[in-house]
Amino acid sequence: MSTASVPLPAWINYGVIPLLNLVLAFFFSGLVVWAIGENPFEALQLLLIGALGRGEGIGFTLFYTTSFIFTGLSVAVAIHAGLFNIGSEGQAYLGGLGAALVALSLDHYVPWYVTMPFAVFGAALFGAACAAIPAWLQAKRGSHIVITTIMFNFIVSSLMNYVLVRVLIVPGKMAPETRTFLPGGQLPKLDWLISMFGGKLGAAPLNFSFLIALVMCFLVWVLIWRTRLGYEMRTLGISPSAASYAGIPYAKIVMITMLISGGLAGMMALNPVMGASARLQIEFVGGAGFVGIAVSLMGRNHPVGIILSALLFGILYQGGAELSFDMPKITRDMIVVIQGMVILFAGALEYMLRPAIVRFYQQAVGGK
Amino acid sequence: MDYFDILISILGSAIRLSVPLLFTALAGLFSERAGIFDIGLEGKMLASAFASACVAYWTGNAWLGLLAGIGISIVFSLVHGFASITNRGNQIVSGVALNFVAAGLTIVLGQAWFNQGGRTGQVPAEGRFSSIVLPGADAVRDVPIIGPLYANVISGNNILTYIAFLMVPVSWWVLYRTRFGLRLRAVGENPGAVDTAGISVSWLRYRALIVAGFLCGFSGTYLAIAQSAAFINNMSAGKGYIALAALIFAKWKPVPVMLACLLFGFLDAFANFMQGKSVPLLGEVPVQIFQALPYILTCVLLAGFIGIARPPKAGGVPYTKER
């Protein structure tokens, strides 16, 4: 008998299977570490100490987590409507331009809490704009959203390259970046959050956008599971033909979903641009958009899962950076390998273990 | 004559830049016509570039390098197949995963083995594919127009370039004139029908992926030990995605794939040439426009403004036998 249709209890589906997949991903990553002649367990220990051992480490971990929550939400919202948005990277990049333009024009005149709402809006607007054309192409012309969003990652990359090298660059400077924003265009650091737990933030760039990210998690949860729009999105995601029979307008839902998804990706830019470096730099997204895919898959497209898996990737990013100091043979790019393994085992091979687990489960239940 | 010399040099570099695209796009052609989306082309290219550079460095033999490049590329293809055919996972997720694994692994291993910031060692001359001067190239060099075209564009490339262009008719023949090709195309359109005819859908798709891995191995090898003499950190630099764009731009057909790759190679060469030069009336045209042009053109095509790009019908859908 086929095992695919056997229902499993939620704690296996959402607990045991993802955990086992994660263990497999780490096992294979450990093999790589072992193959280059280091001790995987020692590496893991160093990684965890680097990420969680001190207040500063935790600050960095949560800083990365913030970015990944935004991009993870972006991917998840699209997946609920059956759309694979691979363009969060480009949408976040363009979102940075929106945030930077707001910061550059307001930072002379008003304090940060006046700039912030405009910056959130600007970042979301630019991110959504970047998603708009692929969305329209999918909705009206039937072009595959995966392909068009990939194309837009590259188009945005060229565009931002042009804007930073030719337009926004500080005259006389070599580095393709904007001027540093004044405090009116920066998001404050969250020293108090870390000191509440007795740590010291130090140089870590954990900032106000962390709180914005948490608010967005709540809003996404409300949107997906507590609104009519979210219901329509999920219907479309599960069965486009059922959605069509139910009178749910395909083109409209696709457009709205992708605009929200792009907007969330765009907001990710608040964290590095206005929170950390206080200027718009070239390639500042640094792959966070792609990490969002892994985060969303690991987190089963649910905001709570996304927070947890964003935290996991935050730990990997910060811990991996520390690890590369302690074990020079392991470069930072080890994180990329782990990330790939996680996407492979938690995403593409998600059902690999299921038949075995079903058999095991049936035996255990039947044996009682 | 000055302009003609410039044209010749741009054409020559367009050919060289289009070769990796051509191998990769043909690889994508096989897997996508069989109904398997292949976002992982970029990763396969990168991994094969790394493997070929390592082996060519250690053995000093370019052909062994090529073999290693092809081998690792096929391994990546098989992992993709295991995830997306055997386990019916999401093909796009699997491709994205392989791209990450390749991007990370090449740097981690490269750093551990060579300790040069992600570079491999310099491959010696005999470990590379050097350029071949075709017979008569020097004799006809002075013939107007045809002479320089033959001597500088057609002759003087390395063996992989000629293999790349040879692969175009070969791919066409395999896809359209063999039983394997017919079945491969059928499985990308209607796997149910193929299954009904008693042919294994999985095995057919696995074979398509092996062919894709084989072709993609050439492209990475070309980058590492024909165009340059070492593997460099993130060497493929998005070429796998441009190849994917070329494949779509060519509407999943072999000969148009070649033309699209040549067009995108030409744009790349032209962008390099235009860097810092000014055009009459327009002034200096930003290079970024040329860099973005392949992607913009593909989107315009996908929008249905230049004919219709119709992908294989069963693309991206895992095949489930009836339960």
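Refer to the structure printed above.
Note that this is a predicted model, so its numbers are computed, not measured.

## Some words on the overall build of chain B
Phase 1: Scanning chain B from terminus to terminus reveals 13 helices and two strands.
Phase 2: Expected size for 323 residues packed as a compact globule is a radius of gyration near 20 Å; at 20 Å, chain B falls within 12% of this value.
Phase 3: Counting only C-alpha atoms, chain B reaches 70 × 50 × 40 Å along its principal axes.
Phase 4: Taking all 323 residues of chain B together, 57% fall into the buried category.

## Regarding the overall build of chain A
Phase 1: When helices and strands are counted, chain A shows 16 helices and zero strands.
Phase 2: Computed over the C-alpha atoms, the radius of gyration of chain A is 21 Å, within 12% of the 21 Å expected from 2.2 N^0.38 for a compact globule of 368 residues.
Phase 3: With the C-alpha coordinates aligned to their principal axes, the bounding extent of chain A is approximately 75 × 55 × 35 Å.
Phase 4: Per-residue burial over chain A gives 55% buried out of 368 residues.
Phase 5: Sequence separation of at least 24 residues holds for 76% of the intrachain contacts in chain A that already meet a minimum separation of 6.
Phase 6: Approximately 15500 Å² of chain A is accessible, and the part contributed by carbon and sulfur atoms is 69%.
Phase 7: Here chain A contributes 19 positive and 13 negative side-chain charges, whose respective centroids are spaced 13 Å apart.

## Describing a nonpolar patch on the surface
Phase 1: A grouping of Phe27, Phe28, Leu31 and Trp34 of chain A is seen on the molecular surface, where their side chains present a nonpolar patch of about 430 Å² in accessible area.
Phase 2: Relative to the helices and strands, Phe27 of chain A resides in helix α1 (residues 10-35).

## Quick notes on the state of the cysteines
Phase 1: This model, assessed by the stated rule, comprises zero disulfides over all chains.
Phase 2: Cysteine Cys130 of chain A is unpaired, with the sulfur of Cys299 of chain B as its nearest cysteine sulfur at 10 Å.
Phase 3: Accessibility expressed as a relative area gives 3% for Cys130 of chain A, which makes it buried.
Phase 4: Cys216 of chain B takes part in no disulfide bond, and the closest cysteine sulfur, belonging to Cys261 of chain B, lies 12 Å away.

## Brief notes about the pattern of salt bridges
Residue and element names in this part refer to chain A.
Phase 1: Applying the stated rule across the entire model yields five salt bridges over all chains.
Phase 2: A salt bridge links Arg54 to Glu56; the shortest N-O distance between them is 3.5 Å.
Phase 3: Look at Glu56 and you get partly exposed, because its relative accessible area is 25%.
Phase 4: In this structure, the salt-bridge partner of Arg279 is Glu177, at a minimum N-O distance of 2.9 Å. Here the residue Arg279 occupies a position in the loop between α12 (270-277) and α13 (288-298), and Glu177 occupies one in the loop between α6 (145-167) and α7 (191-196), the gap between them amounting to 102 residues.

## Remarks on the nonpolar core
Residue and element names in this part refer to chain A.
Phase 1: Core analysis: the biggest nonpolar cluster contains 196 residues, and Phe68, Leu270, Met274, Leu280 and Phe313 have the highest contact counts within it.
Phase 2: Residues contacting Leu280, with those up to four places away along its chain left out, are Gly96, Leu97, Ala100, Met160, Leu164, Leu168, Pro176, Glu177, Thr178, Phe181 and Val273.
Phase 3: If you look at the next biggest cluster of nonpolar residues, it comprises eight residues, including Leu190, Leu193, Leu201 and Leu206.

## Overview of the side chain of Ser29 of chain A
Phase 1: Mapped onto the elements, Ser29 of chain A comes out in helix α1.
Phase 2: With sequence-adjacent residues up to four places away left out, Ser29 of chain A is seen in contact with Met334, Ile338 and Met341 of chain A.

## Examining the interface of chain A and chain B
Phase 1: Listed by partner, the interface residues are 43 residues for chain A and 43 residues for chain B.
Phase 2: Counting the surface lost from both chain A and chain B, the interface buries some 3700 Å², and carbon and sulfur atoms represent 80% of this.
Phase 3: Of all residues in chain A, Met151, Phe154 and Ala348 of chain A bury the most surface against chain B, accounting for 15% of the area lost on that side.
Phase 4: The interface formed by chain A and chain B contains zero salt bridges.
Phase 5: The interface formed by chain A and chain B contains one residue pair in polar contact (both at pLDDT 80 or more).
Phase 6: Counting only elements with at least two residues in the side of chain A that touches chain B, the list comes to α5 (112-141), α6, α13 and α15 (334-348) of chain A.
Phase 7: Of the residues contributing to the side of chain A that touches chain B, the split by class is 29 nonpolar, 10 polar and four charged.

## A look at the packing of aromatic side chains
Phase 1: If you walk through the whole model with that rule in mind, you get 24 aromatic pairs over all chains.
Phase 2: Centroid distance Phe28 of chain A to Phe345 of chain A: 5.2 Å. Interplanar angle 15 degrees. Geometry classified as stacked. Remark: Phe345 of chain A occurs in helix α15 and Phe28 of chain A occurs in helix α1; sequence separation between them is 317 residues.
Phase 3: For Phe345 of chain A, a relative accessible area of 6% corresponds to the buried category.
Phase 4: When the centroid spacing of 4.5 Å and the interplanar angle of 10 degrees are considered together, the rings of Phe154 of chain A and Tyr295 of chain B count as stacked.

## Thoughts on the side chain of Ser84 of chain B
All names here are of chain B.
Phase 1: One can find Ser84 in helix α3 (residues 62-86).
Phase 2: For Ser84, the side chain forms a polar contact with the main-chain oxygen of His80, separated by 2.6 Å.
Phase 3: In contact with Ser84, other than residues within four places in its own chain, are Ile36, Gly89, Gln91 and Pro318.

## Concerning the packing of helix α12 (residues 254-274) of chain B against helix α13 (residues 287-302) of chain B
All names here are of chain B.
Phase 1: Direction vectors running N to C along α12 and α13 enclose 165 degrees, while the axes themselves pass 8 Å from each other. Taken together, the axes of α12 and α13 are roughly antiparallel relative to one another. Relative to α13, the crossing made by α12 is right-handed. Across from Leu263, Phe264, Leu267, Phe270, Ala271 and Met274 in α12, the residues of α13 making contact are Val287, Phe290, Leu293, Pro294, Leu297 and Thr298.

## Things to note about empty space enclosed by the protein
Phase 1: Going through the model one piece at a time under the given rule, you end up with two cavities of 30 Å³ or more.
Phase 2: Taken as a whole, the largest cavity holds about 40 Å³ of empty space.
Phase 3: Lining the largest cavity, in full, are Val146 and Ile147 of chain A together with Glu32, Phe37, Asp38, Ile39 and Ile92 of chain B.
Phase 4: Of the residues in the lining of the largest cavity, the class split is five nonpolar, no polar and two charged.
Phase 5: Of the voids in this model, the second largest cavity is the one considered here, and its volume is about 30 Å³.
Phase 6: If you trace the second largest cavity, you find it lined by Pro18, Asn21, Leu297, Met298, Arg300 and Ala346 of chain A.
Phase 7: Those elements that place two or more of their residues in the lining of the second largest cavity are α1 and α13 of chain A.
Phase 8: Broken down by class, the residue content of the lining of the second largest cavity amounts to four nonpolar, one polar and one charged.

Parameters at a glance
Residues numbered from 1 in each chain as written. Chains lettered and ligands numbered in written order. Predicted model: local features only at pLDDT ≥ 70, side-chain atom pairs only at ≥ 80, totals over all residues. Heavy atoms only, no water. Helix = DSSP H or I, 4+ residues; strand = E, 2+ residues; numbered from the N terminus. Rg over C-alpha atoms; globule rule 2.2 N^0.38 Å. Buried < 20%, exposed > 50% of the residue type's maximum accessible area, 1.4 Å probe, protein only. Contact = heavy atoms within 4.5 Å. Areas by Shrake-Rupley, 256 points an atom, 1.4 Å probe, with all protein chains shown as cover. Lys, Arg positive; Asp, Glu negative; His and termini not counted. Charge placed at Lys NZ, Arg CZ, Asp CG, Glu CD. Patch = residues over 30% accessible without salt bridge, like charges linked within 9 Å, V, L, I, M, F, W, Y side chains within 5 Å. Salt bridge = Lys/Arg side-chain N within 4 Å of Asp/Glu carboxyl O. Disulfide = S-S within 2.5 Å. Core = buried A, V, L, I, M, F, W, Y, C linked by side-chain atoms within 4.5 Å. Buried area = accessible area lost by both parts, 1.4 Å probe. Polar contact = N/O pair within 3.5 Å; in protein donor to acceptor, adjacent residues only side chain to side chain. Nonpolar A, V, L, I, M, F, W, Y, C, P; charged D, E, K, R; others polar. Phe/Tyr/Trp six-rings, centres within 6.5 Å; stacked < 30°, edge-to-face > 60°. Axes fitted to C-alpha atoms, helices over the stretch in contact; angles between N-to-C directions. Parallel < 35°, antiparallel > 145°, perpendicular 65-115°, else oblique. Left-handed = near helix turned anticlockwise from the far one by under 90°. 1 Å grid on protein atoms, 1.4 Å probe; cavity = no way out; pocket = protein on both sides within 12 Å on 5 of 7 lines; lining within 4 Å. Points joined across faces, edges and corners; volume = space filled by probe spheres on them.

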